[in-house]
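Listed below are the residues making up each chain.
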Amino acid sequence: MKSDRLKNVREVCSTLADKGEKMKLTHLDSNGKARMVDVTDKKETEREAKAFGKVRMSPGTYKEIKKGEGPKGDIFTVAKIAGIMGTKKTHELIPLCHPLAITHIDVNYAFDDKESVVNITSSVKIKGQTGVEMEALTCVMLTALTIYDMCKAIDKGIELGPFYLLEKSGGKSGRYAKKREA
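Residues numbered from 1 in each chain as written. Predicted model: local features only at pLDDT ≥ 70, side-chain atom pairs only at ≥ 80, totals over all residues. Heavy atoms only, no water.

K.L.:
Looking at this model, I keep getting lost on the pattern of salt bridges. Mind explaining?
P.N.:
Pairing of side chains with opposite charge becomes possible as their charged atoms draw close. A complete count under the given rule lists eight salt bridges for this structure. With a closest N to O distance of 3.1 Å, Lys 72 and Asp 149 form a salt bridge. With a gap of 77 residues between them, Lys 72 in the loop between strand E2 (69–70) and strand E3 (73–74) and Asp 149 in helix H5 (residues 133–151) connect regions that are remote in the sequence. Given a relative accessible area of 47%, Lys 72 falls into the partly exposed group. Residue classification places Asp 149 among the partly exposed residues on the basis of a relative accessible area of 29%. Taken together, the shared-partner salt bridges connect Lys 72, Asp 149 and Lys 152 into one network. (Salt bridge = Lys/Arg side-chain N within 4 Å of Asp/Glu carboxyl O. Helix = DSSP H or I, 4+ residues; strand = E, 2+ residues; numbered from the N terminus. Buried < 20%, exposed > 50% of the residue type's maximum accessible area, 1.4 Å probe, protein only.)

This is the structure:
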């Protein structure tokens, strides 16, 4: 069974290589077993990641919550604090993430009145040996989940997502920015 899993991982990597894509699964050892990446020898650099997420709801719910108050209180402040607090615990939630000394976290909202959507953007910074992509994604997801929790009494049909990395900078792999659809 273990050899089948390793064989499947190697086949995926081989298929991607055949398409000209490089893929190295850094969280797997040479036997295909999960491992935490050793960052001991990695250079410490300034790193930043930004992520995005959506919360979609009915127009009536949107109109009510855009005011900021809901059945449980100040929706957007509580959600922002939840996102920030959760970001600092990413390593406790995702097994192979490193605990990080995060230097900055921010959460911003943009309201789309036409679509009844709250757009969430997070930004996470660090000076360290590994990136903060997972922390930025955790931030927007927990912020969205908290908005849902704060509003579920008035609308259980709230939809969350999509969530994705917008950009990251720093480290050996350098800058990444999601290509925007036209």
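Having put the structure on the table, let's press on.
K.L.:
Help me understand the nonpolar core in this model?
P.N.:
General note: in soluble globular proteins, nonpolar side chains tend to be found buried as a group. If you look at the biggest cluster of nonpolar residues, it comprises 26 residues, and the most contacted ones within it are Val 55, Ile 65, Val 118 and Ile 147. Sorting the residues of this core by element identifies strand E1 (45–56), helix H2 (59–65), helix H3 (75–87), strand E4 (104–112), strand E5 (117–128) and H5 as the ones contributing at least two each. Here the element with the most residues in this core is H5; it accounts for eight residues. Contact partners of Ile 147, with chain neighbours within four places excluded, come to Val 55, Ile 65, Ile 75, Phe 76, Ala 79, Tyr 109, Val 118 and Ile 120. (Core = buried A, V, L, I, M, F, W, Y, C linked by side-chain atoms within 4.5 Å. Contact = heavy atoms within 4.5 Å.)

K.L.:
Explain empty space enclosed by the protein to me, please; I cannot follow it from the model alone.
P.N.:
Vacant regions in the atomic arrangement are exposed by a probe of water-molecule size rolled over the atoms. In the structure shown here, the tally under the stated rule is one cavity of 30 Å³ or more. If you add up the space inside the largest cavity, you get close to 40 Å³. Partitioning the lining of the largest cavity into residue classes produces three nonpolar, four polar and two charged. (1 Å grid on protein atoms, 1.4 Å probe; cavity = no way out; pocket = protein on both sides within 12 Å on 5 of 7 lines; lining within 4 Å. Points joined across faces, edges and corners; volume = space filled by probe spheres on them. Nonpolar A, V, L, I, M, F, W, Y, C, P; charged D, E, K, R; others polar.)

K.L.:
For this particular structure, what's the right way to read the sheet that holds strand E7 (residues 176–177)?
P.N.:
With antiparallel pairing, five strands are arranged side by side in an open sheet as E4-E5-E1-E6-E7. Every interior strand has two partners, whereas the edge strands, E4 and E7, have only one. Pairing analysis gives two bridges linking strand E6 (residues 159–169) to E7, with the strands arranged antiparallel. Along E7, the bridge assignment pairs Lys 168 with Tyr 176. Against the sheet, H3 makes contact with E4 and E5, and its axis sits at roughly 145° relative to E4, the strand it touches most. (Pairing = 2+ DSSP bridges. Axes fitted to C-alpha atoms, helices over the stretch in contact; angles between N-to-C directions.)

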